[in-house]
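Given next are the chains, with one letter for each unit.
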Amino acid sequence: MKERFWPAAMRIAPPLSERAVAGPPQRHYVLLINPFYPKDPHASFGKHVLTPSLALTSIAAATPPDWQVRYFDENLLHGPPPLDPLPQVVGITVHLTFAERAFALARYYRSRGAKVVLGGLHVLSCPEECAPHADALALGEGVEVWPQILRELDAAGAESAGSASGRRGDSRVRLRQVGDSARERIGGTPVFRGDFRRPYRDDPAPRRELLPRRSFLTTTSLIATRGCHNRCGFCYLSTDGLKMPYRMRDPEQIAAEFAADGQPYGVFVDNNLGSSREYLHKLCAALRPLQKIWSAAVTIDVTDDPSLIRQMALAGCTGVFIGFESLTDDNLTEARKRTPAAADYARRVQILHDNGIQVNGSFVLGFDHDGPEVFQETCDWIEENRLECATFHILTPYPGTPLFRAMAEEDRLLHRDWSLYDTAHVVFRPRRMTIEQLAAGYEYCYTRLFSHGSIWRRRPQDAGAVPAYLAMSYLYKRSNFLWHLLIQHDLVQSVWTPLVELSRLRHLQFRAGLARRPLSAPPLDAADGRARSAGSVVYAGV
C-alpha cells in the first residue's frame, strides 16, 4: 500500500508528564475534555475541525452558574490539557476509539486530586470497563444528570475537607462516598442515568462562547432534533441501553441560536434532520430570513417530497450528508435500513442537485454481499452522479449493537482492540473477500476520489460554480500536508472564511432565482410512488 503523509501531531497524543506538579483543586472549577484520537491518513484531516461536537458545550450549559467552566479539545493540537489551576471536577467524553486516551487522562487528573466524570457512548456500551477510571459515570442523557453529579461531588468534597480540618495530620481521611446508598454502582463507582424523555426544548443552548473560534471552520454546530426513524444494525443508535425517542426543539430556538453565534455557515449535527418532514418544513421557514447557509445529515428518502428540498434550498441548505451505505439492496435490507431502492438513488441525487444542494455520500464497505468488485462499482457510481464529496467506512461492529453480537456469535471478530474500531481498519472476517482485499479496497476508494481526475469529473454542471468547488475540493481533499499546521496555528477559520462567504453570496443569488421557478418534480404519491406531473429542471451548483 502507498505510504500516506501522517505527521506525528495527527497520530500521537500529546505526552502527559508524570512529573507535572499541580496545586490543590480549585473549588467550583470544571474542565471538560475531548480526548485526542489518531486521524485516518486516507481521509481529509480537515474534517476533524469543520465544526465542534455539541456534547461538551451542552454539558457546559447545564453547569450551575457558580461553577467556572473551561473547554479543551486535544485535537486542536495545543498540547496536553492544563493542570494550573487544577480543576475540582474533570468531565471527559469517551468514544471506543479513544477510550484508552480517556482513561490515561482520568488517571492523570485523579492522581493529583481532581474528581473525574466519564460520559459518552462507550460508557453506555461498556460501563464495567470505564468504572475503575472514574469517580462517577454519566449514562444516557448527560445534560439531565450533570447538575446532580456536581452537587454530589461538591458535597462529598466539602465533607472530606471538613473532616480533615477537624483531624489534622490524619492521612487516613477518605472522600465521602458519592451518592446515596441506594444509588446504582458499578464496582463501587456511582452511576447517574439520564433518559431522553423530557421535552428537548427545555435543554439550554450550548455554550459556544467557550469554543476557540479560530480553530474551526464554524463554531455554529446546531442540533434541532434527536434520534432517527432508522435503527440500522451497525449504527451506534442501536446500542443496547440507548433508548432515544425522536425529539424536536422549537424552530424559533434554532434560528435564534444560529443568528446569535454570528457566523455565516452552520452545521446541523442531528442524526437525521429529515426524520419528520413536517418539522423540517417549519424549520426551513424559520431559517430562511437569516440569509445564512447550512448543511445537515438526512436520509435519501427526504427527496420523496421535492417541495421540501426546494424549501431547504431557499432556507440556505447548500449541502447534505447522506448515508447511502450501499448500492446493493440486500445489504440495506440485512442492515435494517429503511430506504428507497438503490436503483432510484441517482434520480434522487439529481433532485438535490437541481436545487443547488451538494451531496456528500457516505458508503460502508464490507457488507456480507460485497465482493472485491464493490470498490470500483461504488466509485464509478459516485463519479457518474457527480457527488461533490464522499466518505468511506469499513464496516465496524460497535460494542452493544446487533452487528457486534452477530459477528461475535459467528466468531468473525479479529480482536477487541477498540482503538482500531474506527471504520478505517478491518476488525472482522469479511464474507466474500479477504481481510487484505477489504483494507486495500478502502484505500483505493479514497485514492481515486481524491485524485485530480475524479475531482474534475465530479465538478458541478453549472460552470459558474466550478471555481469555488475546485478550491474547496483541493483544500479539503488534497491538503493534508498543510492541515496540521493550520490547526496548530489557529488558522482554520481564516483560511475557510473567504470560500464560505463566496458560497453564501452565490447561494443567495441562486435562490433568488430558484424561488421564481417551478418545482423540478412533484411529490411522490404515497399510494403508488408515481410522480403526479412533470416539471422543468433547474441546474445549479454552489
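This one's a predicted model, so the numbers in the text were calculated from it and none came from an experiment.

Overview of the overall build of the protein
- What the protein contains, in helices and strands, is 17 helices and 15 strands.
- Counting all 542 residues of the protein, 57% fall into the buried class.
- Of the contacts formed within the protein by residues at least 6 apart in sequence, a portion of 75% connects residues at least 24 apart.
- By element, 53% of the accessible surface of the protein is carried by carbon and sulfur atoms, the whole surface being about 22700 Å².

Points about the sheet that holds strand E12 (residues 293-298)
- Within the open sheet, the six strands sit side by side as E8-E11-E12-E13-E14-E15. Their pairing is parallel. At either end of the open sheet lies a strand with only one pairing partner, and these are strand E8 (221-222) and strand E15 (389-394).
- Sheet topology note: the strand E11 (residues 265-268)/E12 ladder contains three bridges and is parallel. Within E12, the position partnered with glycine 266 by the bridge is tryptophan 294.
- Sheet strands in contact with helix H13 (residues 435-449) are strand E14 (358-365) and E15, and its direction is about 170 degrees off that of E15.
- Against the sheet, helix H17 (residues 492-514) touches E11, E12 and strand E13 (317-325), its axis set at about 85 degrees to E12.

A look at the packing of helix H15 (residues 466-477) against H17
- One way to put it is that H15 packs onto H17 with a least axis distance of 10 Å and a crossing angle of 150 degrees. Relative to H17, the element H15 is oriented roughly antiparallel. Between H15 and H17 the crossing geometry is left-handed. For the pair H15 and H17, the contacting residues are Ala468, Ala471, Met472, Leu475 and Tyr476 in the first and Val495, Trp496, Leu499, Val500, Leu502 and Ser503 in the second.
- By residue class, the composition of the contact of H15 with H17 is ten nonpolar, one polar and no charged.

A short note on the pattern of salt bridges
- Going through the model one piece at a time under the given rule, you end up with 29 salt bridges.
- For aspartate 203, the salt bridge goes to arginine 226, with nearest N and O atoms at 3.6 Å. Taken as a pair, aspartate 203 in the loop between strand E7 (189-194) and E8 and arginine 226 in strand E9 (residues 225-226) lie far apart in primary sequence, 23 residues in all.
- A relative accessible area of 10% means that aspartate 203 is categorised as buried.
- Among the residues examined, arginine 226 registers a relative accessible area of 10% and is labelled buried.
- A single salt-bridge network, built from bridges that share partners, covers Arg277, Asp304, Asp344, Arg347 and Arg348.

Re the pairing of strand E2 (residues 68-73)
- The pairing of strand E1 (residues 26-34) with E2 spans six bridges and is classified as parallel. The residue of E2 that forms the bridge with isoleucine 33 is phenylalanine 72.
- One crossover worth recording links E1 to the parallel E2 by way of helix H1 (residues 55-61), and it is right-handed.

Focus: the confidence of the model for the protein
- Looking at the protein, pLDDT values average 88 and 87% of them are 70 or higher.
- Segment residues 521-542: pLDDT under 50, and 50 contacts once partners within four positions in sequence are set aside and those in other chains are kept.

Description of the side chain of arginine 208
- Position of arginine 208 relative to the elements: it lies in the loop between E7 and E8.
- Those residues in contact with arginine 208, other than ones at most four positions away along the chain, are Leu54, Thr219, Thr220, Ser221, Leu222, Glu257 and Asp261.

Some details on the sheet that holds E7
- What the seven strands build is an open sheet, ordered E2-E1-E3-E4-E5-E7-E6; its pairing is mixed. Each having just a single partner strand, E2 and strand E6 (185-186) make up the two edges of the open sheet.
- Contacts between helix H2 (residues 99-110) and the sheet are confined to E1, strand E3 (87-93) and strand E4 (115-119), with E3 contributing the most and set at about 175 degrees to the helix.

Focus on the packing of helix H11 (residues 374-384) against H13
- Running from N to C, H11 and H13 point in directions that differ by 20 degrees, and their axes come no closer than 9 Å. By the angle between their directions, the pair H11 and H13 is classed as roughly parallel. Here H11 runs over H13; the crossing is right-handed. Counted together, Phe375, Gln376, Cys379, Asp380, Ile382 and Glu383 of H11 and Gln437, Leu438, Gly441, Tyr442, Tyr444, Cys445, Arg448 and Leu449 of H13 form the full contact between these two elements.
- Tallied by class, residues from the contact of H11 with H13 come to eight nonpolar, three polar and three charged.

A word on the packing of aromatic side chains
- Under the defined criterion, the tally for this structure stands at 15 aromatic pairs.
- Ring geometry for phenylalanine 392 against tyrosine 446: centres 5.1 Å apart, planes inclined by 90 degrees, an arrangement best described as edge-to-face. With phenylalanine 392 in strand E15 and tyrosine 446 in helix H13, the pair connects residues that are 54 residues apart, well separated along the chain.
- Residue classification places tyrosine 446 among the buried residues on the basis of a relative accessible area of 2%.
- Among the aromatic residues, those joined into a ring-pair cluster are Phe324, Tyr345, Phe363, Trp381, Phe392, Tyr442, Tyr446 and Phe450.
- Over the face of the ring belonging to tyrosine 37 we find lysine 39, whose NZ or CZ atom lies 4.2 Å from the ring centre.

Brief notes about the nonpolar core
- Grouped together as the largest cluster of nonpolar side chains are 74 residues, with contacts concentrated most on Phe268, Trp294, Met312, Phe324 and Phe392.
- Apart from residues lying up to four places away in sequence, methionine 312 is in contact with Leu280, Cys284, Trp294, Val302, Cys317, Val320 and Ile357.

As for the environment of glycine 91
- As for its position among the elements, glycine 91 is in strand E3.
- Between the C-alpha atoms of glycine 91 and asparagine 34, which are 57 residues apart in sequence, the distance is 8.9 Å.

A short note on unusual backbone geometry
- Omega for the bond connecting aspartate 84 with proline 85 falls within 30 degrees of zero, at 0 degrees, which places this linkage in the cis form.
- By the secondary structure assignment, proline 85 is in the loop between E2 and E3.
- One non-glycine residue, arginine 336, lies in positive phi territory at about 65 degrees.
- Position of arginine 336 relative to the elements: it lies in the loop between helix H9 (329-334) and helix H10 (345-354).
- A positive phi angle, close to 65 degrees, is found at threonine 423, a residue other than glycine.
- Within the element layout of this structure, threonine 423 appears in the loop between helix H12 (402-409) and H13.

Parameters at a glance
Residues numbered from 1 in each chain as written. Predicted model: local features only at pLDDT ≥ 70, side-chain atom pairs only at ≥ 80, totals over all residues. Heavy atoms only, no water. Helix = DSSP H or I, 4+ residues; strand = E, 2+ residues; numbered from the N terminus. Buried < 20%, exposed > 50% of the residue type's maximum accessible area, 1.4 Å probe, protein only. Contact = heavy atoms within 4.5 Å. Areas by Shrake-Rupley, 256 points an atom, 1.4 Å probe, with all protein chains shown as cover. Pairing = 2+ DSSP bridges. Axes fitted to C-alpha atoms, helices over the stretch in contact; angles between N-to-C directions. Parallel < 35°, antiparallel > 145°, perpendicular 65-115°, else oblique. Left-handed = near helix turned anticlockwise from the far one by under 90°. Nonpolar A, V, L, I, M, F, W, Y, C, P; charged D, E, K, R; others polar. Salt bridge = Lys/Arg side-chain N within 4 Å of Asp/Glu carboxyl O. Right-handed = clockwise from strand over helix to strand, strands pointing away. pLDDT = per-residue confidence, 0-100. Phe/Tyr/Trp six-rings, centres within 6.5 Å; stacked < 30°, edge-to-face > 60°. Lys NZ or Arg CZ within 6 Å of the ring centre and 35° of its normal. Core = buried A, V, L, I, M, F, W, Y, C linked by side-chain atoms within 4.5 Å.

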